[in-house]
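# Observations on chain architecture
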Amino acid sequence: NDLCTGKKILMLEPRRIACMMVAQRIAYLLGDSVGNLVGWRMRGDKKISGNTRLEIVTEGTFTRIIQNDMELKEYGLIIFDEFHITIHCHYLTFLI
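Residues numbered from 1 in each chain as written. Predicted model: local features only at pLDDT ≥ 70, side-chain atom pairs only at ≥ 80, totals over all residues. Heavy atoms only, no water.

What the protein contains, in helices and strands, is three helices and five strands. Put simply, of all contacts in the protein between residues at least 6 apart along the chain, 54% involve residues at least 24 apart. With the model as given, the accessible surface of the protein reaches about 6000 Å², and the carbon-plus-sulfur share is 56%. (Helix = DSSP H or I, 4+ residues; strand = E, 2+ residues; numbered from the N terminus. Contact = heavy atoms within 4.5 Å. Areas by Shrake-Rupley, 256 points an atom, 1.4 Å probe, with all protein chains shown as cover.)

The structure is reproduced here in structure tokens:
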């Protein structure tokens, strides 16, 4: 897909444990380990590398990413999984 050529995919998960579990499951399905093609990033912790194409992040981490790069230049696709209707959700939707 031309949309993601050379860019990463960013996936939002609402909780830290969900972030790690989803990354582990996707990496397993791809026959890879977490931190290579699939990784996760959250406040104070991350398991990514230069090879990481899919980053799974918490809503708070996404907020920091978008505050530093409003155009999200590194990312070709953003997946909102379990994106709950909260004040945080409204704020992120407004930023996008």
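It is worth spelling out the side chain of Glu55 at this point. Within the fold, Glu55 resides in strand 4 (residues 54-58). Residue class for Glu55 comes out buried when judged on its relative accessible area of 1%. A polar side-chain atom of Glu55 sits 2.7 Å from a polar atom in the side chain of Arg41. Among the polar contacts listed, one links the side chain of Glu55 to the side chain of Tyr75, at a separation of 3.4 Å. For Glu55, the contacting residues outside a window of four places in its chain are Lys8, Ile9, Leu10, Met11, Gly39, Arg41, Ile48 and Tyr75. (Buried < 20%, exposed > 50% of the residue type's maximum accessible area, 1.4 Å probe, protein only. Polar contact = N/O pair within 3.5 Å; in protein donor to acceptor, adjacent residues only side chain to side chain.)

The biggest cluster of nonpolar side chains holds ten residues, and these are Met11, Cys19, Ala23, Ala27, Val34, Val38, Trp40, Met42, Leu54 and Ile56. Of all the secondary structure elements, the ones that give two or more residues to this core are helix 1 (16-29), strand 2 (38-42) and strand 4. Discounting residues that sit within four places of it in the chain, Val38 has contacts with Ala23, Ile26, Ala27, Leu30, Ser33, Thr52, Leu54 and Ile56. In this structure, Leu10, Leu12, Ile66 and Tyr75 belong to the second largest nonpolar core, which totals eight residues. (Core = buried A, V, L, I, M, F, W, Y, C linked by side-chain atoms within 4.5 Å.)

Moving on, we get to the packing of aromatic side chains. Evaluation of the coordinates by the stated rule reveals one aromatic pair. Look at Phe62 and Phe80: their rings are 6.1 Å apart centre to centre, the planes differ by 85°, and that puts the pair in the edge-to-face class. With Phe62 in helix 2 (residues 59-68) and Phe80 in strand 5 (residues 75-80), the pair connects residues that are 18 residues apart, well separated along the chain. Accessibility expressed as a relative area gives 35% for Phe80, which makes it partly exposed. (Phe/Tyr/Trp six-rings, centres within 6.5 Å; stacked < 30°, edge-to-face > 60°.)

A few words now on the environment of Val57. Topologically, Val57 is positioned in strand 4. A C-alpha to C-alpha distance of 8.8 Å links Val57 and Met20, two positions 37 residues apart in sequence. Beyond its immediate sequence surroundings of up to four residues, Val57 is in contact with Leu10, Met11, Leu12, Glu13, Cys19, Arg41, Phe62 and Ile65.

Once that is clear, we can look at the pairing of strand 4. Counted residue by residue, strand 4 has five buried out of five residues, so it is predominantly covered. Judged by which residues are buried, strand 4 turns out to be covered on both faces: Leu54, Ile56 and Thr58 on one side and Glu55 and Val57 on the other are all buried. With five bridges joining them, strand 1 (residues 8-13) and strand 4 adopt parallel strand pairing. Residue pairing in the sheet places Glu13 in a bridge with Thr58 of strand 4. Pairing analysis gives four bridges linking strand 2 to strand 4, with the strands arranged parallel. Looking across to strand 4, one finds that Arg41 is bridged to Val57. (Pairing = 2+ DSSP bridges.)

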